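# Inside the fold
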Amino acid sequence: MPTNLQHKQAIDDLLAEPTSRPKAERVFELAREDPGGAQQAHEEVAPAPALLPLDIERRPFRRNNLFMSDTPKNIAVPENRADLVAILQRAADAWLGAKAIGDGYGFANTGETRGYLIPMVDKLNRILQVDRTVLKASVDGSNLCQFEAGATLGNITDYLWKRGKAVFNQPGYENLTFVGTMSSGGHGSGSWCGPLSEHARALHIVSVDADRRVVEFQIEHSDGISDPAKFAAKYPGIELVQDDRVFHACAVSMGCFGVIYSATIEVRDAYNIRETRRKFRFSEVKPRLGELVADQGPGKRLHSIEVWINPYEVDGDVWCVLGERSETEDPPRGQRAFAIEYGGPEFFYRLLSWWLAQEPSAVPVIMDVALSATQASDVVLTAPKGLNFGATNLAPVTACSCGVPSENIGDLADDLIAFFQRRAKEETAYVTSPVGLRFVKAAKAFLSPAFERDTCMIEVPTLLGTPKARETLKAYHDFLFEKYEGRPHWGQVNDMPGDRLATLYPSLDVFLESFRVLNPKGFFDNAFTEQMGFRRP
Amino acid sequence: MHERKGRHVGWMVFGWAVAAVGCAPHTYTHVTVLPSLRPVDAARPMVVFSQVQGKACGSDAVLGAIRDMKRLNDIDGYLEVVVDETFTRNQHCAQATAYPFRYGTSTSTPVIRAGDEGRDPVVVPGALVPAPVSSGEVPPVAALFDCSQACQRFAPLVETGTVKTALARDRCEQRCKQADVAFQKCIERAHETVTAKACLTP
């Protein structure tokens, strides 16, 4: 067997004299004898080229933030559960992968597919009746809400509000689907409350088994809400799986286990939110952060806080807006500030774009003005509105977010501010939207960015067209990973290499167990699973 | 899915057919039929799976369609390949269809590959040759423990339901493949629930 040295010598010889036939023969002779060694030696000299590029047509596909370089072979919109089953069976029969998406508001590659793309939001968006006849006698069905996977937060909260109910917490945009957001580790704000995955009680998943047959499961906690005997009698075609290991794998699984048809979540009585947003020097807020985070939750002063930081100095200081929210029984009153209520995309985006092109060093003061315009005091809103970001959702951004331990978040934020300032100074690379700190309780879902640690999600929305935006977001992720074990939000821009997974997620093996079992033949694999190496031996 | 043994297929391209009839002016098609994409050892048993299809348009439409079609892992090649090209005034498209096959008798469904073809070299073993008769001087190599088979039998003893049984099988295989000899012996001996569950204690 040729040695690595022999391979390399032959490669070097041919590189030195690329027209020499004997030297080419030597390289090929060694490669024939030892293909693996030849591959390794070539890789060591220089990375091998990707597949030979072909001149074939690519038709890019876009749906809101979801972008694919090529349009999927089929875009199928199921009208009901039977339709969904039939679509997946067609995909399986044709050896085509499938991916369900909400409305494509995620920024990540988790929704990519070359096979069947299944947008759920168009038709599968109904609120369902919880079937109380199959619940355990001890379960209170009045605080459960079941809906199809395409139901948006807006659909769900509208339905609940009319019935005097509300979700425990929610992300800041009403057009996101609960299931899509939950599946990618999405969350609201509140250090007392876990991400959406922690509110789920049952997930109805449609998948493809090892024999290419479509199968249906209802996944619940080990002490789940359904009575197994009643469930089996009423739904013989759906296998009830009550197992924490499977449930915590499925709850944040990025669509890799199949298509979630419906979710059942726990809800609560309706409530209003009193909100105050005020601008401070970050150095004033930093020493208060520990107390502010501890003072959230039922029976405490606050429901949640958010801190939006302009990481660049203005008048010699770094400024932020602290948003404090508390639950109240007061009826709605007042109005949010102009920039939250109406300050969406147009004027701010155009202004900032112009200045980015003309004079990037003006970005800090423009952001400062924008932050100042979000201040308002003692505004009372319904919970669905109070937990919503407002019109700023409409800004054309690309976003990434990273979860870090919430302990000592003040020092970490200082470090991050210095990082963004360095990039601005040394590379003229700015973030063009305030950086947000939102707090989330530790989660049990194995791949949740908040898995087993109280977490601060640090969000970096960046206006489209910002120079070096992707590089900045990648550098930001790398910085937080290397210094603080930062975990990426799966629904946002994520360039993380898969070899970091095992370091960040101590229960990765348990997650992969369910991945192999529920998606045994790769019908729900895609660019994301490749990037993460889920199927790597 | 069905098995075919002793199937006669050559590895050379043996023919192609052309149909130059189109439905509309300026459109014509060209059909190529190949026995397989690479040499096939007709003497070996094989399992042939249902058709797979790839499509592409552009100057390299045929190559693109074949690359798209070759999206299955754990198979040894593609049989009865039909490449159907369509030419219009502005566009050249191709559709490749074939039957994937695997040598042997395992009917295990191939895995769909999500990414591009791998760059690692593929080792294609030659035709099987009969094992040399032992002279008796060299002890025969002990057969490797078949974790897959043992765990398939073991899992239903400790769990019920397809998912939980599959999970039990997966966990069993992961542990078995770590060359945990005590575990291997235990699952081999277990023939009912009590003795099987005893194997799961660390």
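Relevant structure appears above.
First, a word on scope: everything that follows refers to the structure included in this document. (Residues numbered from 1 in each chain as written. Chains lettered and ligands numbered in written order. Predicted model: local features only at pLDDT ≥ 70, side-chain atom pairs only at ≥ 80, totals over all residues. Heavy atoms only, no water.)

Going through the model one piece at a time under the given rule, you end up with four disulfides over all chains. The disulfide partner of C57 of chain B is C93 of chain B, and the S-S distance across this bridge is 2.0 Å. Between C57 of chain B and C93 of chain B, the disulfide has an S-S torsion of 100 degrees and is therefore right-handed. Taken together, the residues C57 of chain B in strand β4 (residues 52-57) and C93 of chain B in strand β6 (residues 92-103) connect sequence positions 36 residues apart. With respect to class, C57 of chain B is no different from C93 of chain B; both count as buried. In chain B, the bonded cysteines, taken in the order they occur along the sequence, pair up as 1-2, 3-6, 4-5, 7-8. C256 of chain A forms no disulfide, and the closest cysteine sulfur to it belongs to C250 of chain A, at a distance of 11 Å. A relative accessible area of 0% places C256 of chain A in the buried class. Just so you know, C402 of chain A is unpaired, no disulfide at all, and the nearest cysteine sulfur is the one on C400 of chain A, 7.0 Å from it. (Disulfide = S-S within 2.5 Å. Helix = DSSP H or I, 4+ residues; strand = E, 2+ residues; numbered from the N terminus. Buried < 20%, exposed > 50% of the residue type's maximum accessible area, 1.4 Å probe, protein only.)

Residues and elements named next belong to chain A. All told, the structure shown has 46 salt bridges over all chains when counted by the stated rule. One salt bridge in this structure joins R213 and D211, with 3.4 Å as the shortest N-O distance. The structure contains a network of salt bridges with shared partners spanning E275, R277, E306, R325, R336, R438 and E459. (Salt bridge = Lys/Arg side-chain N within 4 Å of Asp/Glu carboxyl O.)

All names here are of chain A. In this structure the tally under the stated criterion is 21 aromatic pairs over all chains. A ring pair is formed by Y105 and Y173, whose centres lie 5.2 Å apart and whose planes are at 85 degrees; its orientation type is edge-to-face. Of the two residues, Y105 sits in the loop between β4 (98-101) and β5 (116-119) while Y173 sits in the loop between β8 (165-166) and α6 (178-183), which places them 68 residues apart along the sequence. On the basis of an interplanar angle of 75 degrees and a centroid distance of 5.5 Å, the ring pair of W490 and F528 is categorised as edge-to-face. With W490 in the loop between β21 (487-488) and α17 (501-504) and F528 in helix α19 (residues 527-532), this residue pair connects regions lying 38 residues apart in the sequence. Owing to a relative accessible area of 0%, W490 belongs among the buried residues under this scheme. Taking the relative accessible area as the measure of exposure, F528 reaches 1% and is therefore buried. Ring pairing ties together the aromatic residues F257, W490, Y505, F511, F515, F528 and F534, which thus form one cluster. Lying across the ring of Y271, R268 places its NZ or CZ 3.8 Å from the centre. Its end group placed over the ring of W319, K279 keeps NZ or CZ at 4.8 Å from the ring centre. (Phe/Tyr/Trp six-rings, centres within 6.5 Å; stacked < 30°, edge-to-face > 60°. Lys NZ or Arg CZ within 6 Å of the ring centre and 35° of its normal.)

Right, let's talk about the packing of helix α2 (residues 147-158) of chain B against helix α3 (residues 162-176) of chain B for a bit. Geometrically, a packed helix pair is captured by the angle between its two axes and the distance between the axes. Residue and element names in this part refer to chain B. Packing of α2 against α3 leaves a shortest axis separation of 8 Å and a crossing angle of 140 degrees. With respect to α3, the axis of α2 lies oblique. Considering only the axes of α2 and α3, their crossing is right-handed. Seen from α2, the contacting residues are C147, S148, C151, Q152, F154, A155, P156 and V158; seen from α3, they are T165, A168, R169, C172, E173 and C176. Here the residues of the contact of α2 with α3 are counted per class, giving nine nonpolar, three polar and two charged. (Axes fitted to C-alpha atoms, helices over the stretch in contact; angles between N-to-C directions. Parallel < 35°, antiparallel > 145°, perpendicular 65-115°, else oblique. Left-handed = near helix turned anticlockwise from the far one by under 90°. Contact = heavy atoms within 4.5 Å. Nonpolar A, V, L, I, M, F, W, Y, C, P; charged D, E, K, R; others polar.)

In this section: the sheet that holds strand β16 (residues 317-328) of chain A. Residue and element names in this part refer to chain A. The strand order β17-β14-β16-β15-β19-β20-β18-β21 describes an open sheet built from eight strands, whose pairing is antiparallel. The sheet terminates laterally at β17 (376-382) and β21, the two strands that pair on one side only. Two strands pair when backbone bridges link them, and strand β18 (residues 397-405) and β21 are joined in this way by two bridges, in the antiparallel orientation. By the bridge assignment for β21, C402 is matched with P488. Packing of helix α15 (residues 409-427) onto the sheet brings it into contact with β15 (304-314), β16, β18, β19 (435-440) and β20 (455-463), and relative to β15 it is tilted by some 35 degrees. Where helix α16 (residues 469-484) meets the sheet, its contacts fall on β18, β20 and β21, and the angle it forms with β18 comes to roughly 5 degrees. (Pairing = 2+ DSSP bridges.)

Attention now goes to α16 of chain A. Residue and element names in this part refer to chain A. Between its terminal C-alpha atoms α16 stretches 22 Å, which fits the 22 Å expected from 16 residues at 1.5 Å a residue. Along α16, the residues classified as buried are A469, T472, L473, A475, Y476, H477, D478, F479, L480 and F481. Buried residues along α16 sit against β18, α15, β20, β21 and α17. Phi turns positive one or two residues past the end of α16, at E485, with a value near 50 degrees. (Expected span 1.5 Å × (residues − 1).)

Residue and element names in this part refer to chain A. At D378, a position not held by glycine, the phi torsion is positive, near 55 degrees. For D378, the location among the structural elements is in strand β17. Judged by its relative accessible area of 38%, D378 is partly exposed.

This next bit is on the side chain of K165 of chain A. Residues and elements named next belong to chain A. Summarising the element assignment, K165 is placed in strand β8. Note on K165: relative accessible area 15%, which makes it buried. Here the side chain of K165 touches N143 through a polar contact of 2.8 Å, side chain to side chain. Of note is the side chain of K165, whose polar atom sits 2.8 Å from the side chain of D269. Not counting residues within four places of it along the chain, the set of residues in contact with K165 comprises S142, N143, L160, V267, R268, D269 and A270. (Polar contact = N/O pair within 3.5 Å; in protein donor to acceptor, adjacent residues only side chain to side chain.)

Bringing the nonpolar core into the picture now. Residue and element names in this part refer to chain A. Counting residues in each nonpolar core, the largest one holds 93 residues, and the members touching the most others are W490 and F534. In this view, W490 contacts A108, T110, S184, V252, M254, L447, P449, M496, L501, Y505, F528 and M532; residues no more than four positions away in its chain are not counted. Ranked by size, the runner-up nonpolar core spans 48 residues in total, among them L289, A362, M367 and A424. (Core = buried A, V, L, I, M, F, W, Y, C linked by side-chain atoms within 4.5 Å.)

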